[in-house]
Amino acid sequence: LFDGVYPFYPQQRKAFVFDVSTIIVIVVFLTFACSFLLIIPGIRGRARLYWTLRVLLSLLVGVVIVVVQFTGDWETGWVTANTTYKSFSHALVNVDIGLHVGLAGVNVTLMGNPVNQVNETINYNEYFSWSFDADYDHSYSKGLERGLPSPILYVAEKFTTQSPCNVHRQYRISGHYASATLWVAFCTWLISNMLFSMPVLVYGGYMLLVTGAFMIFSLLSFSTVRNSLMCPIQFGIATLRIGYGGSFWITLATGLLCFVAGITVVAVHYFNLDLLKTFFDLREDKAEEYQEMIEVYVNPHFVNKGL
């Protein structure tokens, strides 16, 4: 029905980790990487290896900073439980229930074991946003109107503004601050790349340190959600517990990588500047500077005049 879309779900469902924005960002950075790989054969000698290492590491940092803005696995949790499937029904189903928290909202996943139970296909993935241009409570109300399965509504209700858990405000503010600091980190990453293309390498190292610092600040901002006590998400005797997900740890690893790279650049600048210039292909060619001229053209007019 409706061109392959279920009648009660006219909008496209959002993946719990990857969505269209994430794929677009990855494709853009892969295009930059492939374009560089096409021109790398034109670089001679060891500089080819140095350029490859620098560009790929820089693109890795940039793509991580942007992609984690759109991923939905900063916090994740799964539980397998026997629970009711619909309101006003006592039929129990065995399902896997997943909760995935991002910077702009939450995904609730419901997968049946097996998928086909009680004459229905149990395979849901619903997204509820709390970004600036979205109303979480309105999304939750729409879910009630559409008749979403009870486990999804039960989990989503924990994050509403009217919930006794009172975690909506903390998650929303923490996510917004984490996103803002990541965008600042992206700007400092761009500045560091500009500085590394000039003979001011030490300042590029300093900007890498600033980039790493802002990435760590984003993690600290998101971690403040732990200050709020999360209501237990209970399905019978099973409890859904959440912990830091892949995006959180990838951001942490990339921030530490920026710190290591920045400290290395600054240290080498003060202890072995020639090595640093060689790595960034900024060293002057002394052989050309002192190369003797094999042939010289002499103007006879000036020679005779001088004699």
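Preceding block: the structure.
Residues numbered from 1 in each chain as written. Predicted model: local features only at pLDDT ≥ 70, side-chain atom pairs only at ≥ 80, totals over all residues. Heavy atoms only, no water.

A.B. asks: What is the right way to read helix α1 (residues 20–39) from this model?
C.D. replies: Since one α-helical turn is 3.6 residues long, residues separated by three or four positions face the same way. For α1, which comprises 20 residues, the first-to-last C-alpha distance of 29 Å matches the rise-based estimate of 28 Å (1.5 Å per residue) to within 8%. Buried residues belonging to α1 abut α2 (47–67) and α5 (168–196). (Helix = DSSP H or I, 4+ residues; strand = E, 2+ residues; numbered from the N terminus. Expected span 1.5 Å × (residues − 1). Contact = heavy atoms within 4.5 Å.)

A.B. asks: For this particular structure, what's the right way to read the state of the cysteines?
C.D. replies: Note on terminology: disulfide describes a covalent bond linking the sulfur atoms of two cysteines. Inspection of every chain in the model, using the stated rule, returns one disulfide. What pairs with Cys165 in a disulfide is Cys231, and their sulfur atoms sit 2.1 Å apart. Judged by the sign of its S-S torsion, about -135 degrees, the bond between Cys165 and Cys231 is left-handed. You can see Cys165 sitting in the loop between α4 (150–157) and α5 and its partner Cys231 sitting in the loop between α6 (201–223) and β5 (233–235), a full 66 residues away along the chain. Cys231 sits in the partly exposed class, given a relative accessible area of 22%. (Disulfide = S-S within 2.5 Å. Buried < 20%, exposed > 50% of the residue type's maximum accessible area, 1.4 Å probe, protein only.)

A.B. asks: How do you make sense of the pairing of strand β1 (residues 75–84) when you look at a structure like this?
C.D. replies: Alignment of β1 against strand β2 (residues 92–101), held across 10 bridges, turns out to be antiparallel. Of the residues in β2, the one forming a bridge with Ala81 is Val95. Where β1 meets strand β7 (residues 243–244), two bridges bridge the pair, whose relative direction is antiparallel. Looking across to β7, one finds that Thr76 is bridged to Gly243. (Pairing = 2+ DSSP bridges.)

A.B. asks: Before we go on, may I ask you to explain the environment of Arg54 in this structure?
C.D. replies: Examined against the element boundaries, Arg54 turns out to sit in helix α2. Counting along the chain gives 139 residues from Arg54 to Asn193, while the straight-line C-alpha distance between them is 9.8 Å.

A.B. asks: Please clarify how the sheet that holds strand β4 (residues 120–129) should be interpreted in this entry.
C.D. replies: The strands making up a sheet are joined through hydrogen bonds of the backbone, oriented either antiparallel or parallel. Ordered by their spatial adjacency, five strands build an open sheet running β4-β3-β2-β1-β7, and the pairing between neighbours is antiparallel. Where the open sheet ends on each side, the last strands, each with one partner, are β4 and β7. The pairing of β2 with strand β3 (residues 105–117) spans seven bridges and is antiparallel. Looking at β3, one finds that Asp96 is bridged to Met111.

A.B. asks: Would you explain unusual backbone geometry in this entry?
C.D. replies: Among all residues except glycine, the phi angle is most often negative; among peptide bonds, the trans geometry is most common. Following Asn113, the chain continues to Pro114 via a peptide bond in cis, the omega torsion being 5 degrees. With respect to the secondary-structure elements, Pro114 resides in strand β3. Within the chain, Asn119 stands out as a residue other than glycine whose phi angle is a positive 60 degrees. For Asn119, the location among the structural elements is in the loop between β3 and β4. Phi at Asn166 takes a positive value of approximately 60 degrees, unusual for a residue other than glycine. As for its position among the elements, Asn166 is in the loop between α4 and α5.

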